[in-house]
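Fold and contact review
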Amino acid sequence: MEALTGGALYQNTMKIVEDAGKLVSLSPNVLERLKLPRRTLVVSVPVKMDDGRVKVFTGYRVQHNQTLGPFKGGIRYHQQVDLSEVAALAALMTFKNSLMNLPLGGAKGGVQVDPNKLSKAELESLTRRFTSEISPFIGPDKDIPAPDVGTDSQTMAWMLDTFSLESGFSQTGVVTGKPIEIGGSLGREAATGLGVIYATEKALEKLNKRLSDATLAIQGFGKVGMFAAIEGYAKGARVVAVSDVSGALYNERGLNIAELSRFVKEKKVIKDFPDAQAITNEELLLLSVDVLAPCALEGVIHAGNAKKVKAKIIVEGANGPTTRDADEILDGLGCMVVPDILANGGGVVVSYFEWVQDISWLFWTEDEVRNKLREVIYKSFDKVWAMSETSKVNMRTGAMATSLLRLERAMKLRGQAW
Ligand code: GLU
């Protein structure tokens, strides 16, 4: 059990659940059930590497809860993936999907691998074998994977193809975040980043500010951070800093994000982008800005650096970027933290739209997707804000409490929590 529940993110997540549960007097039976995943699958993924050697990778799919609907959540390829991390991320999906008012449960998967070290052929082979191993447990009405850190629409295309080959017919609804050509949704690629900006707009409003006169620092320039930067820049925000694995860039007058995106398309990393000063990732986190959006991995704002954070608002594009100790320090500093299950919900909301389009064979315009997404994020933000104000708690506890109340009602109705 230690391997499942012992990780820092798992412990952190369950403490938030306990705190929020106390606040809303959650039934102890509901709490007991939510503390552990429903089903945990660990698989070996043998891959014949390009040099002829066989390497066996470890893969996971953790299905946390399906009270509200089919399991739903991404697949992560990263060298630090382990069972406890995947289990924590699966639980966060349950809470996120509940908060976003989606008819979906929560799951997460992953393979412990550095995808940058594999060739395209090796990645395809890994993805197909992993899909095959988990295929008895996934499906359009059972469990629907999507991209996460280290995976993308190509990964989803291979998953879709493998799953469909095994079932003998094409099942586009088995994954979301697919390429448009094979049933993907317009707007899905940018959705998480867009959601981050919609949540940022709402948070700034509370400080009587607008995006067009705000400064932003964005940690991570990948599938979340890049699109948040593009949208923020398009709406007139001054994006003064961004970072990726190659380092961080700073320009007090604001980075030209349109040019930076073009640069990254060609060079793959932000390093050596002209008209910016190189700073460290750590320095980016401590900049004096209106909004800091950590959009990469968990645990980057911790007890060691939280005291030095100068941002007025933190919008969590990543899952779990702020540790619990850091949360307390940030509360003390008066920094507003818009928590992950609210701030980065845009990805799974548009995944849901994609799934609905696939099963109804009717596709929406990009404007429809964006407008509906904005509506969901704004509404969820308002619910969380109201809960936090009336209960005098921070937004993380408010968001979790809101999510738990919906889950509790559903579990009671289904007779799952006596
Ligand atoms: N990986 C994303 C997340 O953490 C999206 C999951 C999905 O679309 O199912 O929310």
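Scroll up to find the structure this text is about.
I will try to describe carefully the structure that is included in this document.

1. Concerning the pairing of strand 7 (residues 238-244)
Within strand 7, six of the seven residues are buried, leaving the element largely enclosed by the surrounding structure. When strand 6 (residues 215-219) meets strand 7, the two strands line up parallel, connected through five bridges. By the bridge assignment for strand 7, Gln219 is matched with Ser243. Of the crossover connections in this fold, the one passing from strand 6 over helix 8 (residues 225-234) to the parallel strand 7 is right-handed. Looking at chain direction, strand 7 and strand 8 (residues 247-250) are connected through four bridges and run antiparallel. Bridged to Ala241 within strand 8 is Tyr250.

2. Quick look at helix 14 (residues 366-391)
Along its 26 residues, helix 14 runs 37 Å from first to last C-alpha, staying within 8% of the 38 Å computed at 1.5 Å per residue. For helix 14, the full list of buried residues reads Val369, Leu373, Val376, Ile377, Ser380, Phe381, Val384, Met387 and Ser388. Its buried side turned inward, helix 14 meets helix 4 (83-99), helix 7 (191-206), strand 12 (336-338), helix 12 (340-343), helix 13 (346-360) and helix 15 (395-414). Positive phi shows up at Lys392, right after helix 14, with a value of about 55°.

3. Section: the sheet that holds strand 8
Strands sit in the order 9-8-7-6-10-11-12 across an open sheet of seven strands; the sheet is mixed. Lying at the two open borders of the sheet, with one neighbouring strand each, are strand 9 (277-279) and strand 12. Taking the axes of each pair of neighbouring strands and ignoring which way they run, one obtains an average angle of 20° across the sheet. In the sheet, strand 10 (residues 291-294) pairs with strand 11 (residues 313-315) via two bridges, with the strands oriented parallel.

4. What about the packing of aromatic side chains?
Summed over all chains, the structure comprises six aromatic pairs. With centroids separated by 6.2 Å and ring planes inclined at 15°, the aromatic side chains of Phe381 and Trp385 adopt a geometry described as stacked. Placement of both Phe381 and Trp385 in helix 14 is noted, with a separation of four residues, approximately one turn of the helix. Among the aromatic residues, those joined into a ring-pair cluster are Tyr352, Phe353, Trp355 and Trp364.

5. Looking at the pairing of strand 4 (residues 106-112)
Among the seven residues in strand 4, six count as buried, and that is most of the element. As paired elements, strand 3 (residues 71-78) and strand 4 share four bridges and run parallel to each other. Residue pairing for strand 4: Tyr77 is matched across the bridge by Val111. Considered for its hand, the β-α-β crossover made up of strand 3, helix 4 and strand 4 is right-handed.

6. Digging into the pattern of salt bridges
This model, assessed by the stated rule, comprises 27 salt bridges. In this structure, Arg76 and Glu85 form a salt bridge, with 3.0 Å as the shortest nitrogen-oxygen distance. As far as the burial class goes, Arg76 and Glu85 line up, both buried. Where Arg396 meets Asp327, a salt bridge forms, and the shortest distance between an N and an O atom there is 2.5 Å. Of this pair, Arg396 sits in helix 15 while Asp327 sits in helix 11 (residues 324-333), and the two are 69 residues apart along the sequence. Through salt bridges with shared partners, a single ionic network connects Arg76, Glu85, Lys108, Asp148 and Glu298.

About the thresholds
Residues numbered from 1 in each chain as written. Predicted model: local features only at pLDDT ≥ 70, side-chain atom pairs only at ≥ 80, totals over all residues. Heavy atoms only, no water. Buried < 20%, exposed > 50% of the residue type's maximum accessible area, 1.4 Å probe, protein only. Helix = DSSP H or I, 4+ residues; strand = E, 2+ residues; numbered from the N terminus. Pairing = 2+ DSSP bridges. Right-handed = clockwise from strand over helix to strand, strands pointing away. Expected span 1.5 Å × (residues − 1). Contact = heavy atoms within 4.5 Å. Axes fitted to C-alpha atoms, helices over the stretch in contact; angles between N-to-C directions. Phe/Tyr/Trp six-rings, centres within 6.5 Å; stacked < 30°, edge-to-face > 60°. Salt bridge = Lys/Arg side-chain N within 4 Å of Asp/Glu carboxyl O.

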